[in-house]
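# Tertiary structure, described
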Amino acid sequence: MNFHRFKVAFHRLGSPPTFHKLCRLLSPWLWAGFLVCALVGIYQALYLVPPDYQQGDSYRILFIHVPAAWQAMAGYLVMTVLAVIALVWRIRTVEIMAMAAAPIGAAFTALCLATGSLWGKPMWGTWWAWDARLTSMLVLLFIYLGIMGLYAAFEDRRKGARVACILVLVGLVNIPLIHFSVEWWTTLHQGATIRLFGESRMHPSMLPPLIWMTIGVKLMFGAALLDRARNDLLDQDRRKHWIREVIGDKA
Amino acid sequence: MIPQLDYAFYVWTSYGLFALIMTWQFLQPRLRRRRIMAELREERALETGGYDDADA
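Within each chain, residue numbers correspond to sequence positions counted from 1 in written order. Whichever chain is written first is A, and whichever ligand is written first is 1; the rest continue in order. Given that this is a predicted model, residues contribute local features only at a pLDDT of at least 70 and side-chain atom pairs are listed and counted only at 80 or more, while totals for whole chains, interfaces and linings are drawn from all residues.

## Digging into the overall build of chain B
Applicable threshold: Going along the chain from the N terminus, every DSSP run of H or I of four or more residues is numbered as a helix, and every run of E of two or more is numbered as a strand. Whether a residue is buried, exposed or partly exposed is read from the other C-beta atoms within 10 Å of its own C-beta, which are placed from the backbone; 20 or more gives buried, 12 or fewer gives exposed, and intermediate counts give partly exposed.
Looking only at helices and strands, chain B features one helix and zero strands. In chain B, buried positions account for 16% of the 56 residues.

Next up, the structure:
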C-alpha cells in the first residue's frame, strides 16, 4: 500500500505543474540549509581549525577545493542517473533536470580546478601540472561544457536533451578515471586523504569544517538544480495552459 | 575580525571565488526567471489586448 502511494507520488513528479510546485517549495529550504552549513563550515575553516604543521594556512583552501571536487563528480553521477531515467522512460521533467545539472557541475569543476591551482602555486611551486588527476578533472570540465553545448545546439529541446543524455553516459567513463588516477598512475596530486571506509589520514580536528562544507555544497547543488529546472520548464511550456495559471498567480 | 593567515592571497582568492560562484548560482536562475515571467506576461497582455504601450 505504502509502496503504491510512493509510486503514485513519484509518477506525479512527471507532471510539469506538480514538478514546478515542488521546485518552488523545496528550493528556498535547500538554499537556507546551504547558507547555514557554509557559514558554520567557513567559520570553522578560517577561525577554529589550527594551521597545518607543514602547509601553514594554505591548506584551508582544501575546505573549498575538496567539497567542490566531490560535488563535481557526485553531480555527474546524479546527472547520469537522471540521463538513464530520461532515456529509458522519456520523462520530460527528468530530461530537463539532467540538462540543468550540467552548468552547476561545470561550475563546481571550474571551482575545483581554480582552487587547486591556488593551492598548487605556493605548495608545488606551479599553477598547473599535466598529471593524471588534474588532466582528468580538466576533461570533466570539457565534458560538462560539451553536454551544455550539444543540448543548446538543437532547436528541438527534447531531441537535444536525448542526444546530450547519450553523451552523459559516454562521459561517465571519466569518473572512475578521476577517482583512481592517483592510484593507477604516479601523480603530483596526493592520494586519497579522507576515506569513507577505513581510517582517514586527515587529523580529526580538521574534519568538521570539511563535513559542513560538503553537506552545504550538496544542498546548494540541489537548490540550484531545482531553480534551473523550474526555469527551463517555464521556458519550454510557455504556450501551455498551466503556465497561464502560474502567471495569473504572479500577476 | 579578519584572521591573519599565511598565504593570505591564495586563501582569500579561493574563498572569494567560492562566494562568487555560489552567488552567481543563486542569482542567475532568479534573473532568468524574472525575464521569462516578464516575457510571458507581455505575451499574455498582447493576446488579451491589455497591452499598455507607453510609446503608442
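Structure's up, so let's keep going.
## Side note on the overall build of chain A
Heads up, the condition is: For every residue pair, C-beta atoms are placed from the backbone, and the pair is scored as a contact if these atoms sit within 7 Å.
Helix and strand counts for chain A come out as nine helices and zero strands. Listing the helices and strands of chain A from first to last along the sequence gives α-α-α-α-α-α-α-α-α. For chain A, the spread of C-alpha atoms along the three principal axes comes to 65 × 40 × 35 Å. Taking contacts inside chain A between residues at least 6 apart in sequence as the whole, the part at least 24 apart equals 76%.

## Let's talk about helix α5 (residues 132-153) of chain A
Residue and element names in this part refer to chain A. The test is simple: Expected span of a helix, by definition, is 1.5 Å for each gap between consecutive residues, and there is one gap fewer than residues.
Here α5 contains 22 residues, and its C-alpha end-to-end distance of 31 Å stays within 8% of the 32 Å for a straight helix at 1.5 Å per residue. Three or more residues of α5 are buried, namely A132, R133, L134, S136, M137, L140, I143, Y144, I147 and Y151. On its buried face, α5 is in contact with α3 (62-89), α4 (92-124), α6 (157-171) and α7 (174-184).

## Comments concerning the interface of chain B and chain A
The cut-off we apply is this: Put simply, Ala, Val, Leu, Ile, Met, Phe, Trp, Tyr, Cys and Pro go in the nonpolar bin, Asp, Glu, Lys and Arg in the charged bin, and everything else, Gly too, in the polar bin.
Listed as interface residues are 23 residues of chain B and, on the opposing side, 32 residues of chain A. Residue classes in the side of chain B that touches chain A are distributed as 15 nonpolar, three polar and five charged.

## Comments concerning the environment of L169 of chain A
Residues and elements named next belong to chain A. In this fold, L169 is placed in helix α6. Classification of L169 as partly exposed rests on a count of 13 C-beta atoms within 10 Å. Distance from L169 to V81, taken between C-alpha atoms, is 9.1 Å for residues 88 residues apart in sequence. Ignoring any residue separated from it by four or fewer positions in sequence, one finds L169 in contact with T80 and A83.

## Observations regarding unusual backbone geometry
A positive phi angle, close to 55°, is found at R90 of chain A, a residue other than glycine. Assignment of secondary structure puts R90 of chain A in the loop between α3 and α4. You will see that Y7 of chain B, though not glycine, has its phi angle at about 50°, which is positive. The residue Y7 of chain B is located in the segment before α1 (8-48) in this model.

## Brief notes about the packing of α4 of chain A against α6 of chain A
All names here are of chain A. What counts, and what does not: Helix axes are fitted only over the stretch in contact, all axes being lines through C-alpha atoms; the angle between N-to-C directions runs from 0 to 180 degrees. Convention used here: angles under 35 degrees read as roughly parallel, angles over 145 as roughly antiparallel, angles from 65 to 115 as roughly perpendicular, and any remaining angle as oblique. Two helices cross in a left-handed way if the nearer one is turned anticlockwise from the farther one by less than a right angle. They cross in a right-handed way if the turn is clockwise.
Closest axis-to-axis distance for the α4/α6 pair is 10 Å, and the angle between their directions is 60°. Judged on the interaxial angle alone, α6 and α4 are oblique. For the pair α4 and α6, the crossing hand works out as left-handed. Only R158, A161, A164, C165 and V168 of α6 make contact with α4, whose side of the interface consists of R92, E95, A98 and M99. Of the residues belonging to the contact of α4 with α6, the class tally is six nonpolar, no polar and three charged.

## Describing the packing of helix α8 (residues 207-236) of chain A against α1 of chain B
The description of two packed helices rests on the angle between their axes and on the distance between the axes. As a packed pair, α8 of chain A and α1 of chain B sit with axes 10 Å apart at the nearest point and diverge in direction by 20°. Relative to α1 of chain B, the element α8 of chain A is oriented roughly parallel. Of the two elements, α8 of chain A crosses α1 of chain B, and the hand of that crossing is left-handed. Touching M220, A224, D227, R228, N231, L234 and D235 of chain A of α8 of chain A are M22, Q25, P29, R32, R33 and I36 of chain B, all from α1 of chain B.

Scope: geometric values only; no functional claims are made or implied.
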